[in-house]
Structures are given as C-alpha cells and as structure tokens.
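# Working through the structure, step by step
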Number of protein chains: 2
Amino acid sequence: MPNGIKVPMPTLERLANYLTIFSDLKIRNVETVSSADLESRAGINAAQFRKDLSYFGEFGRPGIGYNVNELQARISRILNLQKTQSVLLVGAGNLGAALAGYHPLRTENFQIVAAFDNNPNKIGKQLWDLTIQDIDEIISVNKVLQARIGIIAVPASAAQETAERLVSANVVNILNFAPTFIRIPSNVTVRHIDFLQELAVLSYYLPEDD
Amino acid sequence: MPNGIKVPMPTLERLANYLTIFSDLKIRNVETVSSADLESRAGINAAQFRKDLSYFGEFGRPGIGYNVNELQARISRILNLQKTQSVLLVGAGNLGAALAGYHPLRTENFQIVAAFDNNPNKIGKQLWDLTIQDIDEIISVNKVLQARIGIIAVPASAAQETAERLVSANVVNILNFAPTFIRIPSNVTVRHIDFLQELAVLSYYLPEDD
DNA sequence: ACCTCTTTGTGAAATAATGCGCAATCTAAG
DNA sequence: CTTAGATTGCGCATTATTTCACAAAGAGGT
Ligand SMILES: NC(=O)c1ccc[n+]([C@@H]2O[C@H](COP(=O)([O-])OP(=O)(O)OC[C@H]3O[C@@H](n4cnc5c(N)ncnc54)[C@H](O)[C@@H]3O)[C@@H](O)[C@H]2O)c1
Ligand SMILES: NC(=O)c1ccc[n+]([C@@H]2O[C@H](COP(=O)([O-])OP(=O)(O)OC[C@H]3O[C@@H](n4cnc5c(N)ncnc54)[C@H](O)[C@@H]3O)[C@@H](O)[C@H]2O)c1
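From a predicted model like this one, the values you see are computed outputs, not experimental measurements.

## Digging into unusual backbone geometry
Its identity is not glycine, yet glutamine 146 of chain A carries a phi of approximately 60°, on the positive side. The exposure class assigned to glutamine 146 of chain A is partly exposed, which follows from its relative accessible area of 44%. At asparagine 80 of chain B, a residue that is not glycine, the phi angle is positive and equals roughly 65°. Inspection of the secondary structure puts asparagine 80 of chain B in the loop between helix H4 (68-78) and strand E3 (85-90). A relative accessible area of 11% places asparagine 80 of chain B in the buried class.

## Some remarks on the sheet that holds strand E8 (residues 173-176) of chain B
Pairing is mixed across the open sheet formed by seven strands, whose spatial order is E5-E6-E4-E3-E7-E8-E9 (chain B). Edge strands, defined here as strands with exactly one partner in the open sheet, are strand E5 (126-127) and strand E9 (189-192) of chain B. Two elements, E3 of chain B and strand E4 (residues 110-117) of chain B, share six bridges in a ladder whose sense is parallel. If you follow serine 86 of chain B over to E4 of chain B, its bridge partner there is glutamine 111 of chain B. Together, E3, E4, strand E7 (149-152), E8 and E9 of chain B form the strand contacts of helix H9 (residues 195-204) of chain A, whose direction differs from that of E8 of chain B by roughly 160°.

## Quick notes on the protein's contact with DNA strand C
Residues in contact with DNA strand C amount to 25 residues; listed here are only the nearest, Ser35, Arg50 and Phe59 of chain A together with Arg14 and Pro62 of chain B. One of the side-chain nitrogen or oxygen atoms of lysine 51 of chain B is found 3.2 Å away from a base oxygen of DNA strand C. The separation between a phosphate oxygen of DNA strand C and a polar side-chain atom of arginine 61 of chain B is 3.0 Å. Contributions of two or more residues to the surface near DNA strand C are made by helix H3 (46-54) of chain A together with helix H1 (9-27) and helix H3 (46-54) of chain B.

## Things to note about the site of ligand 1
As a matter of local geometry, ligand 1 sits amid 23 residues, with Leu95, Asp117, Lys122 and Val154 of chain A together with Tyr102 of chain B nearest to it. Surrounding ligand 1 is a set of residues that belongs to chains A and B. Measuring from an oxygen atom of ligand 1, one finds a side-chain N or O atom of lysine 122 of chain A at 2.9 Å. The contact in question runs from an oxygen atom of ligand 1 to an N or O atom on the backbone of valine 154 of chain A, over 2.5 Å. Broken down by secondary-structure element, the contributors of at least two residues to the shell around ligand 1 are helix H5 (94-100) of chain A together with helix H5 (94-100) of chain B. Partitioning the shell around ligand 1 into residue classes produces 15 nonpolar, five polar and three charged.

## Regarding the relation of the copies chain B and chain A
Both copies of the chain are related through a single rotation about an axis accompanied by a shift along the same axis. Of the two same-sequence chains, chain B is brought onto chain A (RMSD 0.0 Å, axial shift 0.0 Å) by a rotation of 180°. Interpreted geometrically, this transformation is the action of a two-fold axis. Take the interface residues of chain B: 98% of them recur as interface residues in chain A, which is what a same-surface contact looks like.

Definitions and cut-offs
Residues numbered from 1 in each chain as written. Chains lettered and ligands numbered in written order. Predicted model: local features only at pLDDT ≥ 70, side-chain atom pairs only at ≥ 80, totals over all residues. Heavy atoms only, no water. Buried < 20%, exposed > 50% of the residue type's maximum accessible area, 1.4 Å probe, protein only. Helix = DSSP H or I, 4+ residues; strand = E, 2+ residues; numbered from the N terminus. Pairing = 2+ DSSP bridges. Contact = heavy atoms within 4.5 Å. Axes fitted to C-alpha atoms, helices over the stretch in contact; angles between N-to-C directions. Near = heavy atom within 4 Å. Polar contact = N/O pair within 3.5 Å; in protein donor to acceptor, adjacent residues only side chain to side chain. Nonpolar A, V, L, I, M, F, W, Y, C, P; charged D, E, K, R; others polar. Least-squares fit on C-alpha atoms with pLDDT ≥ 70 in both.

That's the geometry; what it means functionally is another story.
Put into structure tokens, the structure is as follows:
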C-alpha cells in the first residue's frame with residue numbers, strides 16, 4: 001500500500017512485530033497499553049513506537065494509552081491484512097514442507113493456496129492439505145487463484161528461474177529463502193530470508209576465548 | 001569478534017552476503033572482480049561494498065580489483081568462520097527437521113551437533129543423522145559439545161524458557177525462529193527470523209487494485 | 001471548575017548509514 | 001621510464017533513522 005507518505009522500512013518491519021505483541025496481549029486480556037508499558041513488557045522503545053504509528057495517523061489517547069483491539073485492527077489494515085492473502089509456494093522440499101504445514105500462517109491472514117515443484121516424483125503427491133502441482137502449470141493455476149505473493153523454496157541454482165516464473169504468473173511480491181541474489185522487474189518487491197547470513201552475523205559476535 | 005572498531009550492523013549483514021556471492025563466482029571460475037563488476041553481477045552497490053570492507057582493512061588492488069579466493073578467506077575469518085561452528089537445535093518439529101537436514105550448513109562452516117525436544121515421543125528418535133535428546137539434558141550434553149550458538153525452533157509459548165535453557169547451557173548467541181520477543185542477559189546476542197513479519201511487509205507493498 | 005497526573009504526537013536535535021568524488025595506487029604497454 | 005587507463009580506499013556531504021523533550025490532550029479527583 002505505497003500511498004503518499006514515505007514510511008521508513010525499519011518502521012514497516014517493526015509494525016509487523018507490534019502485531020505479534022498485540023496478539024500476546026489479547027491472550028492475556030490486556031485491553032489498554034501505554035507505550036511505556038510496551039517498552040517494559042516487550043522491549044520495544046516507547047518513543048519509537050509512537051513515532052512509528054505517527055506515520056499513519058493518531059492511535060492513542062493522551063493520559064490513557066492505546067486500545068489493544070483497535071490498534072491491532074488498524075495496523076492490520078495498514079499492512080493489508082484485513083483479508084486473507086493468498087500465497088504460492090514453489091519448492092516442495094524440506095523447507096517447503098515446514099512452511100506449508102505452518103499453522104500460525106492462517107491466523108495471521110496468510111494462506112498458502114498452492115505448492116509447485118518440478119520433480120515428477122513429487123508432483124501429484126500430497127503436502128499436508130495441498131496437492132503438489134507441476135511448476136509448468138503455475139501460470140494457468142494462478143489465473144484462477146490470483147495470488148500476488150510467492151515463496152521461493154527451491155535450491156539456489158533454480159531461484160532465478162523460479163522468480164521469473166512467479167512474475168510471469170502475475171505474482172508481484174516474493175519471499176526468497178534461497179541463498180542467492182535474484183534479478184526482478186522493478187515493480188516486484190523481494191524480501192530475502194537468509195538463514196546462513198543470520199548465523200554468520202551471530203558467529204561474528206562470538207567471544208574469541210577459544 | 002567485537003574488537004576495537006565499531007562496525008555498523010548493516011555492514012555485517014552484507015558481509016555474510018558477499019560470501020555467498022563469492023562462492024558463486026568461484027564456481028564460475030572468476031578469479032578477480034572489481035567492485036563495479038560486483039555491482040552489475042550481483043546488485044550490490046560498488047561504493048558500499050568498498051566502504052564495508054574498509055572497516056576491516058585493505059582488500060583490493062587499485063587498477064585490478066579483488067582476488068576472489070583471498071577475499072572469501074578474509075571475510076570468513078572476520079566472521080569467525082575459519083573453523084566450523086557447532087550449533088545446538090531446540091525443537092525437533094517441522095522447522096527443526098528442515099534445518100537439521102539443511103546441507104549447505106556444512107559447507108558454510110556451521111554444523112548442528114545436537115537436537116533437543118521435550119516431547120517423550122520424539123526423544124530417542126532419529127532426526128537425519130542426529131538422535132533427538134531430552135531438553136533436560138542440554139546442560140550436560142553441551143558441557144561436552146561446547147557449542148556457543150543455539151537455534152530456537154519451538155512454539156512461541158516455549159521460546160522464553162528455551163532461551164533460558166540455552167543460556168544456562170553456556171550458549172552465547174541465539175537464532176530465534178519463534179514469533180516472539182525474548183528476554184536475555186546482555187552478554188547474549190539474539191537474532192530473530194520472523195517469517196510472518198516478512199510476509200506482512202510484502203503485504204504492505206501489494207498494489208491495491210482489488 | 002480547577003488542579004494534578006499521565007501519556008500522546010511530533011517538531012527538532014542527535015546519531016547512523018549511504019553514496020559521491022577524487023587523490024593515490026597499481027598495471028600494462030610503448 | 002613515462003604515460004594512459006583502471007580501480008581502490010576513504011573523507012566528507014547527503015540522506016535516513018532514532019531519540020529527545022515538551023506542548024497539548026484527556027482522566028480523575030476534590
Ligand atoms: N532446509 C532448510 O532448513 C533451509 C533453510 C534456509 C534456507 N533454505 C533454502 O531453501 C531452499 C529449499 O531448501 P530445502 O532444504 O527445502 O531443499 P530441498 O532440496 O529439500 O527442496 C527443494 C525442492 O525444490 C524442488 N525444485 C528444484 N528445482 C526446481 C524448479 N526449477 N522448479 C520447481 N521446483 C524445483 C525440488 O524438487 C525439491 O522438492 C534452498 O534454496 C535452501 O538453500 C533451506
Ligand atoms: N514451520 C515453519 O515453517 C515455521 C516458519 C517460521 C517460524 N516457525 C516457528 O518455528 C517454531 C517451530 O515451528 P514448527 O512448525 O517446527 O513447530 P512444531 O510444532 O512442528 O515443532 C515444535 C517442536 O518443539 C517441541 N517443543 C515444544 N515445547 C518445547 C520445549 N519447552 N522444549 C523443547 N522442545 C519443545 C515440540 O515437541 C515440537 O517437536 C515455532 O515457533 C514457529 O512459529 C515455523
């Protein structure tokens with residue numbers, strides 16, 4: 001929803017995090033929180049929280065704080081999560097299986113609606129409640145499903161090709177788990193989750209006692 | 001390796017990425033690259049690449065560029081990857097299974113050396129080449145293994161408890177896959193991979209055609 | 001109605017990261 | 001040995017993000 005205002009990327013990333021925190025609070029029957037509460041409870045910076053929200057309007061009441069339900073609803077709307085988003089998965093391997101079987105997805109308003117692979121031994125088999133489909137069918141399948149988000153869970157060597165197939169199937173946003181850089185048209189957004197990169201950063205922070 | 005110089009976190013994150021790119025280049029028998037080559041090949045900004053490296057010394061030769069082998073070796077050393085790092089995995093569920101079976105780990109100098117769970121039905125079973133162990137044994141097991149990095153792949157509700165167990169087992173760096181905030185002592189570094197957060201950010205960037 | 005206490009929303013200051021521009025360095029060729 | 005061409009490393013300007021600090025807003029008590 002890239003509207004008029006220019007929202008910093010770190011703000012956007014935190015926004016999604018706030019949602020998680022609010023789910024937690026709801027479970028604990030917390031109805032109202034102040035930004036200071038949030039800071040002590042969830043380690044988020046109070047000033048930053050308020051600043052983040054300020055890009056999108058006014059959300060709280062001075063002297064009181066924020067209504068958990070209302071804030072959750074409004075952040076969901078900001079992130080286009082008011083209705084469930086369909087997601088395509090390419091690569092029905094180990095990671096793909098974990099993702100397809102990942103239940104919180106549903107409650108957070110995402111749903112993997114189709115899984116694709118190019119391995120003839122996998123095509124037609126079940127992956128949880130999905131039947132694995134031939135990647136060659138992706139364009140026609142998505143003509144029906146109209147998903148706009150795709151996940152790449154194929155080996156790095158097939159990632160570029162997969163990205164191109166997703167784009168040709170009309171997907172506009174891609175989450176890439178393969179450890180490789182992907183060239184895409186500028187109207188497509190890619191986010192990259194790189195497990196090895198995260199481990200490498202941690203490794204840097206190891207104390208060098210040995 | 002938090003030595004004298006203060007390295008920006010984004011630089012560190014990119015450094016790990018550069019390693020991936022160099023592996024690629026080696027496969028294609030590229031011996032030397034300039035920062036400009038890198039920009040056109042891998043979408044990284046040439047000036048930024050040079051700046052990133054400059055925190056750690058001099059790596060290239062004016063007029064020529066960088067030697068791929070040498071640079072890979074030096075970045076590996078910066079990130080403490082010159083020798084294999086042992087990693088503990090807690091949570092032998094869907095995600096844990098994918099991670100434990102993830103082969104590139106080995107080639108990138110990480111190795112999951114033990115998997116733990118608290119489910120009696122899982123303890124003792126095999127997870128690829130590992131035998132799933134009782135989480136209650138983590139302290140004694142790691143007295144022997146001496147791993148310093150831990151992965152949390154348990155449900156969010158058990159994440160805090162798991163973090164504490166890892167810390168008490170002498171782990172100093174944690175990679176958390178559970179969608180929740182974790183309180184840890186300040187000498188421990190945590191990195192958080194949040195799949196739902198990434199999807200939410202993508203969702204924000206959906207064009208609002210509907 | 002008034003005072004006190006709390007907490008928001010937001011300009012403005014401070015800090016952090018990025019990207020520009022170029023002197024310095026190296027190669028290769030004549 | 002000199003010149004031309006390429007490319008690094010890095011100071012510094014620019015841009016982005018975080019943090020501060022406070023006026024304005026509301027609650028609740030008297
Ligand atoms: N397993 C993990 O824990 C993990 C963690 C982080 C990142 N990754 C990355 O995720 C990706 C998948 O990992 P994995 O462990 O599931 O691998 P995998 O080998 O288990 O699965 C890959 C799947 O992709 C399919 N595939 C290959 N080429 C294809 C193509 N051109 N079109 C469609 N499907 C194709 C294969 O048939 C296979 O089913 C890899 O890039 C890996 O580096 C995996
Ligand atoms: N599956 C995915 O694709 C995926 C993706 C992103 C994030 N995650 C997150 O990763 C975590 C694991 O996901 P999953 O799908 O593998 O779940 P899962 O239910 O398949 O596995 C969780 C495992 O943790 C074990 N466990 C529970 N409490 C424990 C405790 N106190 N100590 C030790 N072990 C314990 C369970 O016995 C189970 O084996 C969750 O937090 C999930 O939100 C999963």
